[in-house]
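# Structural overview
Read off the chains here:
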Amino acid sequence: MLGLVSLGAGMALALSNEIIMSSVQPERAGQAAATCETAYEEGTTLGTAVLGGLLVSWYTRASSAGTDALDLPADLSTGPPRRRPKP
């Protein structure tokens, strides 16, 4: 999933940079590059915040529901094996 997102983001970023930089006059290339970089930084910050919020929501819901919500194998959801006391 992360690889697919990275591939799409990489292609979109390269395309948007090319479109932005080719549509401005050479003397305004610095401003265009700064605007493009600022949009990229804001997008990654917003994306990180949204995905982080979703993961925290999932983790909170899963941990409050117990191990049944995690769909773990039966031997993992029962916890570690108990040791027998030595006689």
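Residues numbered from 1 in each chain as written. Predicted model: local features only at pLDDT ≥ 70, side-chain atom pairs only at ≥ 80, totals over all residues. Heavy atoms only, no water.

### Here we look at the overall build of the chain
Stated formally: What counts as a helix is a DSSP run of H or I of at least four residues, what counts as a strand is a run of E of at least two, and both are numbered from the N terminus. Type-normalised accessible area, obtained with a 1.4 Å probe on protein chains alone, sets the label of each residue: buried when under 20%, exposed when over 50%, and partly exposed for intermediate values. Values of accessible area rely on a 1.4 Å probe in the Shrake-Rupley scheme; residue burial ignores everything except the protein chains shown.
Across its full length, the chain holds three helices and zero strands. Traced from its N-terminal end to its C-terminal end, the chain shows the element sequence α-α-α. Across the 87 residues that make up the chain, the buried fraction comes to 3%. Carbon and sulfur atoms provide 65% of the accessible area of the chain, an area that totals close to 7,700 Å².

### As for a nonpolar patch on the surface
To be explicit about the condition: Here a patch means residues that are over 30% exposed by relative accessible area and free of salt bridges, tied together within 9 Å if like-charged and within 5 Å if nonpolar (Val, Leu, Ile, Met, Phe, Trp, Tyr). Salt bridges, as used here, are contacts in which a Lys or Arg side-chain nitrogen is within 4 Å of a carboxyl oxygen on Asp or Glu.
Residues Leu-46, Val-50, Leu-51 and Leu-54 make up a contiguous nonpolar surface patch of roughly 410 Å² in combined accessible area. Summarising the element assignment, Leu-46 is placed in helix H2 (residues 29–65).

### Digging into the environment of Thr-44
Within the element layout of this structure, Thr-44 appears in helix H2. Classification of Thr-44 by relative accessible area gives partly exposed; the value is 32%. Spatially, the C-alpha atoms of Thr-44 and Ala-9 are 10.0 Å apart, while their sequence positions differ by 35 residues.

### Focus on the confidence of the model for the chain
Selection rule: Values of pLDDT, ranging from 0 to 100, describe the predictor's confidence in every residue of the model.
Mean pLDDT over the chain stands at 80; residues scoring 70 or higher make up 77%. Within the chain, no element has a lower average pLDDT than helix H3 (residues 74–77), which sits at 60, and none a higher one than H2, at 87.

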